[in-house]
Amino acid sequence: MNQPWLLLTLVGADRPGIVAHVTRVLFGVGAELGETAMMRLGNQFAIMMMVRGAGNPEEVAGLLESTRADFGLKLHVDEIDAALHQHREPDVSVIVHSADRSGIVADVTAALLEAGMNILDLRSDVGGSTDKPIYIMQIDGESSQGIEPIEQCVARFADQGLTVRVTPLETMRG
């Protein structure tokens, strides 16, 4: 019987070697990796990783305890329904630029939901300078009602000083 998939999350201050240490421990016990996302956010590093074959959540947490402690990480492990091989390709990309202010993500994502967009990936960053920060966000997703409702829905943000560009994406399949 196959062991269930687990979702492993690790977060902590960015330091060289986090990924190498975590994956080496998992490889050492014969674990299988599914989909993963690993990224630097500010000065923090975050890992989200699907893992199977390393034990139950408590056993996996135990395997990684030394790495967690050495790197000062926060660790969380949950059993999940993995649904592998069901990758969904985005057909629309929305890019937002604005002077930084509270509520941009909430406002824009609510408008996209209203327009029938399912968000598959959202990345944001703050650029500019300390006295004039600029918020930049890229959202990729699926448009269940087409591009037009999305364009109409986000047009209202121009009055709020947001620049929003909606671009249809063509996905090549081979």
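Look up a bit, the structure's there.
About the cut-offs
Residues numbered from 1 in each chain as written. Predicted model: local features only at pLDDT ≥ 70, side-chain atom pairs only at ≥ 80, totals over all residues. Heavy atoms only, no water. Helix = DSSP H or I, 4+ residues; strand = E, 2+ residues; numbered from the N terminus. Rg over C-alpha atoms; globule rule 2.2 N^0.38 Å. Buried < 20%, exposed > 50% of the residue type's maximum accessible area, 1.4 Å probe, protein only. Contact = heavy atoms within 4.5 Å. Areas by Shrake-Rupley, 256 points an atom, 1.4 Å probe, with all protein chains shown as cover. Lys, Arg positive; Asp, Glu negative; His and termini not counted. Charge placed at Lys NZ, Arg CZ, Asp CG, Glu CD. Pairing = 2+ DSSP bridges. Axes fitted to C-alpha atoms, helices over the stretch in contact; angles between N-to-C directions. 1 Å grid on protein atoms, 1.4 Å probe; cavity = no way out; pocket = protein on both sides within 12 Å on 5 of 7 lines; lining within 4 Å. Points joined across faces, edges and corners; volume = space filled by probe spheres on them. Salt bridge = Lys/Arg side-chain N within 4 Å of Asp/Glu carboxyl O.

## Quick notes on the overall build of the protein
In step 1: On a plain count of helices and strands, the protein comes out with five helices and eight strands.
In step 2: Written out in order from the N terminus, the α and β elements of the protein read β-α-β-β-α-α-β-β-α-β-β-α-β.
In step 3: In summary, the protein has a C-alpha radius of gyration of 20 Å against a globular reference of 16 Å for 174 residues, an excess of more than 25%.
In step 4: Here the C-alpha coordinates of the protein stretch approximately 55 × 45 × 25 Å along the principal axes.
In step 5: Looking at the protein as a whole, 31% of its 174 residues qualify as buried.
In step 6: Taking the intrachain contacts of the protein between residues at least 6 apart in sequence as the baseline, contacts between residues at least 24 apart amount to 70%.
In step 7: Split by element, the accessible area of the protein, about 10600 Å² in all, is 52% carbon and sulfur.
In step 8: In the protein, the 13 positive side-chain charges and the 24 negative ones have mean positions that sit 6 Å from each other.

## Some remarks on the sheet that holds strand β4 (residues 74-80)
In step 1: Strand order in this open sheet of four strands is β2-β3-β1-β4, and the pairing throughout is antiparallel. Bordering the open sheet on either side are β2 (32-41) and β4, each of which pairs with just one other strand. The average undirected angle you get between the axes of adjacent strands in this sheet is 10°.
In step 2: Of the strand pairs in this sheet, β2 and strand β3 (residues 44-52) are connected by eight bridges, and their pairing is antiparallel. Across the sheet, Leu 33 pairs through a bridge with Val 51, a residue of β3.
In step 3: Docked against the sheet, helix α1 (residues 18-28) engages β1 (5-13), β2 and β3, running at close to 15° with respect to β3.

## Observations regarding the layout of surface pockets
In step 1: Each pocket or cavity is described by its volume, and for the largest pocket that value is around 680 Å³.
In step 2: If you trace the largest pocket, you find 19 residues lining it, with Glu 35, Thr 36, Ala 37, His 87 and Leu 120 closest to the centre.
In step 3: Elements represented by at least two residues in the lining of the largest pocket include exactly β2, β3 and β6 (117-128).
In step 4: Among the elements that line the lining of the largest pocket, the one with the most residues is β2, at four residues.

## A closer look at the pattern of salt bridges
In step 1: Taken as a whole and assessed by the stated rule, the structure comprises seven salt bridges.
In step 2: For Asp 14, the salt bridge is made with Arg 40, and the minimal N-O distance between the two is 2.7 Å. In this pair, Asp 14 sits in the loop between β1 and α1 while Arg 40 sits in strand β2, placing the two residues 26 residues apart along the sequence.
In step 3: Linking Glu 142 and Arg 88 is a salt bridge whose minimum nitrogen-to-oxygen distance equals 2.5 Å. Of the two residues, Glu 142 sits in strand β7 (residues 133-143) while Arg 88 sits in the loop between β4 and β5 (92-99), which places them 54 residues apart along the sequence.

Such coordinate-based values are descriptive only and should not be taken to indicate function.
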